[in-house]
Amino acid sequence: MSHLHKKESQHQPEQAVRFLLDGEAMLAEPGESIWSAAKRHGVKIPHLCHQEGLSPTGNCRACVVQIEGERVLAASCCRTPRPNQHIHLKTERVQKAQSMVLELLAAKAPEQAHTRASELTQWCETLGLRAPRFARHSAPPADRSHPAISVQLDACIQCMRCVRACRDEQVNDVLGIAGWGHDTRISFDADEALGSSSCVACGECVQACPTGALTPANGAAQQTADAEVDSVCPFCGVGCQLSYRVKDNKIIEAIGRDGPANHGRLCVKGRYGYDYVMSDERLRTPLIRRSGVAKDPADIGRVRRGKLPLSALFREASWEEALDYAAAGLARLRDSHARGSQSPLAGFGSAKGSNEEAYLFQKLVRQGFGSNNVDHCTRLCHASSVAALLEGLGSGSVSNPVSDVEHASLILLIGANPSSNHPVAASFIKNAVKDKGATLIVADPRRAPMARFATHHLAFRPDTDVALLNALLHVIIAEGLTDPDFIAARVKGYEALKAAVAECTPERMSEICGIAPEVLRDVARRYARAPSAMIFWGMGVSQHVHGTDNARCLIALAMITGQIGRPGTGLHPLRGQNNVQGASDAGLIPMMLPNYQRVVREDLRQHFEALWATPLDPQPGLTVVEVIHAAYEGRIKGMFIEGENPAMSDPDLDHARTGLARLEHLVVQDIFATETALLADVILPASAQLEKWGSYTNTDRLIQLGRPALQPPGQARQDLWIIEQLARRIGLGWNYWRDEDGPGHQAAEAPVARVFEEMRSVMAPLAGVSWSRLLREEAVVTPAPLADAPGQSIIFEQSFMTTDGRAQLVPASFMPGPEQPDLDYPLVLSTGRVLEHWHTGAMTRRAEMLDALSPTPLLHIHGEDAAALRLHEGQDIRIRSRHGELQAQLQISPEVRPGQVFLPFCYWEAAANVLTGSALDPAGKIPGFKVTAVQVAAL
């Protein structure tokens, strides 16, 4: 049956239920509990085991009510009212029962609660209970083995909220119950100490605990905050909303909020990684390179190891001197060379900054530098995905939000490890499998944690994505599992695709990718026949020299089966950084103006020329890696880098660092003296996300508001102010930040709003999202063309954003990449992230708890390879590729297959990209980080 005609069966809406609570008429929504309905009507019922978002269990009995006609009291959190039912809360029997429950529980708790927010204490006070009459239980010893979480089970009342939060919400399955009778207790794994358990420190148990049995290890539970500030997480692309508890201009705790993308959940980085902003290593004053001190990439290691002080390379300067010096160098290079494609200037903006910063940064480069040599880290993560999506569908955005997995009957997760990279998104995928019965297919050479929930784990050979996906396309076409009506109405290029995969039988492709033919057939049939199927992918798909081809194949899968434009379907490349979607939308890419308007289009370019009163370069600029190559060769002579760290993130790192060191003038704006900053001529101390206003667009196209929780340290300034100050000094008459907004140190809302309003005037998807609306709603999904209507969470429902509204299929053929193992380099290295750290580690390595949890660079290797090389767990080893070498520590891991190794790229002491080559995908211009031939040996 055509997917064009697939509809959910129609049901008559259920009616609200009228009941009486203590004689007052109330309405309960269909399926709503007595407790929830009472709360909506302003009636508070005591409760401890119950928490919204968790499945009700009724095991504490504090919320009991009396229902007429029933002999025993009922737990109101578990019961739904019947029509016209009489329910009583204020009877003597109910109140005595509630008081007795609370008194018994209080006898299990310490006299002094471990948290000022103990719900048990609060309810005892509300019911007027004094000290319990019963003997207190003996207190088990506290467990302080974990850097982030303190365990004090003398306060545990066994409400099971922590267990349900771990098991049902995050689906990490660490917490459980151990012991019998009086010895019954909460346990971690097989009764391990928390610090040695498999806990991933998401902190969901801490947030759920009502008594302080589980609290933050930093003592925040006993501190009274000066303020609570609502904001958005600064790390991955999920975009979790949270609240920061602030005391004495320091954050003491982060608490998950019920935002559209996280519904109160956080991961270890969002929960415990905030203290990087308070690091002693924060830049506090502008720095200028000392006269006569050459730029030497070797200084990076010397400074990092404490052998060379930062003051040996740089001297402190006033803001006036630093800005004048920075701008003069940029203006000199601009004015002494041709503009446009011959310009010697380039800029790297940041996907960690706000939309407003991204917009101003690209405007500075285009209007002030006179070229399109502007890019950011999307070039190193999802550039190939965006290239394929723009080519095929006319939009580089995701089609459906992560939360749509609850409507998916099948989920294909390929080349992604969301348990580490997008943990909250991973929890929703696990919920869909566990609670909704969705089928999960994981395709990845590594066996990452999500494979535990999969029906199939396709552990294909690295670099053979196209072969695997073409086999699936072949089966679907050959067996008539396509959606012909959808193809006829909305797709172009089907016949060419059909011809291209005609010979890609599972038998032939199995020889390349290593997956059995019958498994390939089963997966293809499951995907095509699923009522709704959704594809998620990550950098395991995109970070290849054939990354665009990989994404083209995924697009073809969705198009020929009609699995798009409906709930629970579509294509979702998981964005790696908090604002990589927004930075791309805002034009921080060399071939696109804001809203993906191509610079080569004269009609589109003229609009911006009129707005900015400046002629613009009609030629696309250089991408990240191309800029670094040009710097190495002397064609790019000056750069402005805001919040990016190419001296850690670029491939062939020794070559990249040498290129940066050869620049005549490098201006770096950042919060730390990063590896890149150590090669700069001027370092400008900036503000962290937690210190400024701004909007951020997550992987779901959800634009959300970040608010300042702290003041920047020392003389650090707001990023928006710094960008504008440089712009003014190179001749641009900008007037966003005005005298009444302050001198640029403290956060100011007004200039951010001014930039936002200009930005949305040239970006149609934001037309209906005014700054005032964003302040009011805090989160608006885009596109949102109308101010009085919600945004569009699912796109491509009726047509695609191409010229004729039809998708364009582009066939791909398997070709081996340039990095092939041989006798000298027999292992295949893949790089990526670990749960506790993020990107180049500039922030998370300076977060005390995160670095305590994962302090050491570990090379993951299969036990068979370790044995063959006579290596053992924990051994210091040398890893060498055709491009460089480094040292790390060995970890034997079941996640990698024989012949494969994995190394995270966040550790400066083992900078993984020293090993990777700089060969590029021809369309996306992205390097092939995921496949590098290496050798491993003992030191």
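Residues numbered from 1 in each chain as written. Predicted model: local features only at pLDDT ≥ 70, side-chain atom pairs only at ≥ 80, totals over all residues. Heavy atoms only, no water.

Peer 1: Looking at this structure, I do not really get the overall build of the protein. What am I missing?
Peer 2: Counting its secondary structure elements, the protein contains 29 helices and 37 strands. Overall size of the protein, expressed as C-alpha extent along the three principal axes, is 90 × 70 × 65 Å. Counting only residues that meet the buried cut, the protein has 63% of its 939 residues in that class. Intrachain contacts of the protein at a sequence separation of at least 6 include 73% that bridge at least 24 residues. Of the roughly 34,400 Å² that the protein leaves accessible, carbon and sulfur atoms contribute 50%. (Helix = DSSP H or I, 4+ residues; strand = E, 2+ residues; numbered from the N terminus. Buried < 20%, exposed > 50% of the residue type's maximum accessible area, 1.4 Å probe, protein only. Contact = heavy atoms within 4.5 Å. Areas by Shrake-Rupley, 256 points an atom, 1.4 Å probe, with all protein chains shown as cover.)

Peer 1: Please clarify how the packing of helix 9 (residues 355-369) against helix 25 (residues 719-729) should be interpreted in this entry.
Peer 2: Axis angle and axis distance: for two packed helices, these are the angle between their axes and the distance between the axes, and together they describe the pair. It is at 10 Å that the axes of helix 9 and helix 25 come closest, and there the two elements cross at 15 degrees. For the element pair helix 9 / helix 25, the angle class is roughly parallel. With respect to the hand of their crossing, helix 9 and helix 25 are arranged in left-handed fashion. Across the interface between the two elements, E356, E357, L360, F361 and L364 of helix 9 pack against D719, L720, I723 and A727 of helix 25. Classifying every residue of the contact of helix 9 with helix 25 by side-chain character gives 6 nonpolar, no polar and 3 charged. (Axes fitted to C-alpha atoms, helices over the stretch in contact; angles between N-to-C directions. Parallel < 35°, antiparallel > 145°, perpendicular 65-115°, else oblique. Left-handed = near helix turned anticlockwise from the far one by under 90°. Nonpolar A, V, L, I, M, F, W, Y, C, P; charged D, E, K, R; others polar.)

Peer 1: I would appreciate a short explanation of the packing of aromatic side chains in the present structure.
Peer 2: According to the stated counting rule, one finds 9 aromatic pairs in the structure shown. Judged by centre distance (5.4 Å) and plane angle (85 degrees), the rings of F235 and W838 are edge-to-face. Here the residue F235 occupies a position in the loop between strand 10 (227-232) and strand 11 (241-247), and W838 occupies one in the loop between strand 32 (827-832) and helix 28 (848-853), the gap between them amounting to 603 residues. With respect to class, F235 is no different from W838; both count as buried. Each ring, one from F796 and one from F800, has its centre 5.2 Å from the other, and the planes form 45 degrees; the classification is tilted. Given a relative accessible area of 3%, F796 falls into the buried group. Taken together, the ring pairs in this structure connect F235, Y276 and W838 into an aromatic cluster. Over the face of the ring belonging to Y632 we find R662, whose NZ or CZ atom lies 4.0 Å from the ring centre. The residue whose ring lies beneath R846 is F672, and the NZ or CZ to ring-centre distance is 4.4 Å. (Phe/Tyr/Trp six-rings, centres within 6.5 Å; stacked < 30°, edge-to-face > 60°. Lys NZ or Arg CZ within 6 Å of the ring centre and 35° of its normal.)

Peer 1: Would you mind going over the environment of E320 with me for this structure?
Peer 2: Relative to the helices and strands, E320 is located in helix 8 (residues 319-335). C-alpha separation for the pair E320 and P286, spaced 34 residues apart in sequence, amounts to 9.5 Å. Within the structure, E320 has its side chain in polar contact with the side chain of R729 (distance 3.0 Å). (Polar contact = N/O pair within 3.5 Å; in protein donor to acceptor, adjacent residues only side chain to side chain.)

Peer 1: What is the right way to read helix 25 from this model?
Peer 2: Owing to its 3.6 residues per turn, the α-helix brings residues three or four apart onto one side. For helix 25, a buried count of 9 out of 11 residues is recorded, marking the element as mostly surrounded by other parts of the structure. D719, L720, W721, I722, I723, E724, Q725, L726 and A727 are the residues of helix 25 that are buried. Buried residues along helix 25 sit in contact with helix 8, helix 9, strand 25 (638-642), strand 26 (665-670), strand 27 (682-685) and helix 26 (749-761). Of the residues flanking the end of helix 25, it is G731, one or two places downstream, whose phi is positive at about 105 degrees.

Peer 1: How should I be thinking about the nonpolar core in this particular structure?
Peer 2: A general trend in soluble globular proteins is that nonpolar side chains are found buried together. Formed by 134 residues in total, the largest nonpolar core has its most connected members in Y244, Y276, L364, I411, L440, F536 and L684. When residues of this core are assigned to their parent elements, the largest contribution, 8 residues, is made by helix 8. Judged by nonpolar contacts, the second largest core, of 58 residues, contains V466, I476, V501 and L557. (Core = buried A, V, L, I, M, F, W, Y, C linked by side-chain atoms within 4.5 Å.)

Peer 1: How should the side chain of E758 be read in this particular structure?
Peer 2: Within the secondary structure, E758 is located in helix 26. At a separation of 3.0 Å, a polar atom in the side chain of E758 contacts the side chain of K363.

Peer 1: Explain the sheet that holds strand 29 (residues 702-706) to me, please; I cannot follow it from the model alone.
Peer 2: Strand order in the open sheet made by the 3 strands is 28-29-30, with antiparallel pairing throughout. The strands lining the two open edges of the sheet, one partner per strand, are strand 28 (694-697) and strand 30 (779-781). Strand-to-strand, the axes of this sheet are offset by a mean angle of 25 degrees, without reference to chain direction. Summarising the sheet, strand 28 and strand 29 pair through 4 bridges and their orientation is antiparallel. Note that in strand 29 the partner of G694 across the bridge is G706. Taken strand by strand, helix 9 contacts strand 28 and strand 29, and its axis lies near 95 degrees from that of strand 28. (Pairing = 2+ DSSP bridges.)

Peer 1: Quick question: what am I supposed to make of the confidence of the model for the protein here?
Peer 2: Detailed reading of the predicted model is not advised wherever pLDDT is low. On average, residues of the protein score 95 in pLDDT, and 99% of them reach the 70 mark or higher. Residue range residues 1-12 is modelled with pLDDT below 50. Its contacts to residues more than four positions away, or to other chains, number 19 contacts. (pLDDT = per-residue confidence, 0-100.)

Peer 1: Looking at this model, I keep getting lost on the pattern of salt bridges. Mind explaining?
Peer 2: Side-chain pairing between opposite charges can occur once the charged atoms of the two side chains come close. A complete count under the given rule lists 57 salt bridges for this structure. Among the ionic pairs, K96 bridges to E92, the shortest N-O distance being 3.2 Å. Taken together, the residues span about one helical turn, with K96 and E92 both in helix 2 (residues 92-107) at a distance of 4 residues. In this structure, K96 and E92 share a single accessibility class: exposed. When the shortest N-O distance is used, the salt bridge between D230 and R257 registers 3.6 Å. Of this pair, D230 sits in strand 10 while R257 sits in the loop between strand 12 (250-256) and helix 6 (268-272); the two residues are 27 residues apart in sequence, bridging distant segments of the chain. What makes D230 partly exposed here is its relative accessible area of 27%. Put simply, D230, R257, R707 and E778 are held in one network by salt bridges that share partners. (Salt bridge = Lys/Arg side-chain N within 4 Å of Asp/Glu carboxyl O.)

Peer 1: It is not clear to me how helix 26 should be interpreted in this structure. Could you clarify?
Peer 2: Between the first and last C-alpha of helix 26 there are 19 Å, a value that for 13 residues agrees with the 18 Å anticipated at 1.5 Å per step. For helix 26, the full list of buried residues reads P751, V752, A753, V755, F756, E758, M759 and R760. In this structure, the buried side of helix 26 is in contact with helix 9, helix 21 (602-612), strand 28, strand 29, helix 25 and helix 27 (771-777). (Expected span 1.5 Å × (residues − 1).)

Peer 1: What exactly am I supposed to notice about unusual backbone geometry here?
Peer 2: For residues that are not glycine, phi is negative in most cases, and the peptide bond is trans in most cases. Cis geometry is adopted by the peptide bond preceding P783, which originates at T782 and carries an omega value of 5 degrees. The residue P783 is located in the loop between strand 30 and strand 31 (807-808) in this model. Phi is positive for F796, close to 65 degrees, though the residue is something other than glycine. Structurally, F796 can be placed in the loop between strand 30 and strand 31.

Peer 1: How should the packing of helix 13 (residues 465-478) against helix 17 (residues 517-529) be read in this particular structure?
Peer 2: One way to put it is that helix 13 packs onto helix 17 with a least axis distance of 9 Å and a crossing angle of 65 degrees. By crossing handedness, the relation of helix 13 to helix 17 is classed as right-handed. The segment helix 13 lies against helix 17, with L468, A471, L472, V475 and I476 engaging L520, R521, V523, A524, Y527 and A528. Residues belonging to the contact of helix 13 with helix 17 are distributed by class as follows: 10 nonpolar, no polar and 1 charged.

Peer 1: Is there a simple way to explain the state of the cysteines in this structure?
Peer 2: Linking two cysteines covalently via their sulfur atoms produces the bond known as a disulfide. Under the definition given, this model contains 0 disulfides. Not part of a disulfide, C162 finds its nearest cysteine sulfur in C156, a span of 6.1 Å. The closest cysteine sulfur to the non-disulfide-bonded C553 is located on C504, 8.7 Å from its own sulfur. (Disulfide = S-S within 2.5 Å.)

Peer 1: I keep staring at the environment of E749 and nothing clicks. Help me out?
Peer 2: Tracing the chain through its elements places E749 in helix 26. A relative accessible area of 29% means that E749 is categorised as partly exposed. Distance in space between the C-alpha atoms of E749 and K692 is 8.3 Å, their sequence separation being 57 residues. Sequence-distant contacts of E749, defined by excluding residues within four places in its chain, comprise W693, W771 and L775.

Peer 1: What exactly am I supposed to notice about the sheet that holds strand 33 (residues 858-861) here?
Peer 2: Paired through their backbone hydrogen bonds, the strands of a sheet run either parallel or antiparallel. Ordered in space as 32-36-33-35-34-37, the 6 strands form a closed barrel in which the pairing is mixed. If you compare each strand with its neighbour and ignore which way they point, the axes differ by 45 degrees on average. Taken together, the 2 bridges between strand 33 and strand 36 (residues 900-904) define a ladder with antiparallel strand orientation. Bridge pairing in strand 36 places I861 opposite V901.

Peer 1: What am I meant to see in a nonpolar patch on the surface here?
Peer 2: Among the surface-exposed residues, M100, L104 and F134 lie close enough to one another that they form a single nonpolar patch of about 240 Å² accessible area. Tracing the backbone shows F134 in the loop between helix 3 (119-126) and strand 6 (149-151). Residue F134 is classed as partly exposed on the basis of its relative accessible area, which comes to 32%. (Patch = residues over 30% accessible without salt bridge, like charges linked within 9 Å, V, L, I, M, F, W, Y side chains within 5 Å.)

Peer 1: How should I be thinking about the pairing of strand 36 in this particular structure?
Peer 2: For a regular strand, the rule is simple: side chains alternate between the two faces of the sheet. Of all 5 residues that make up strand 36, 5 are buried, and the element is covered over most of its length. Examined bridge by bridge, strand 32 and strand 36 share 5 bridges and lie parallel to one another. By the bridge assignment, T831 is partnered in strand 36 with L903.

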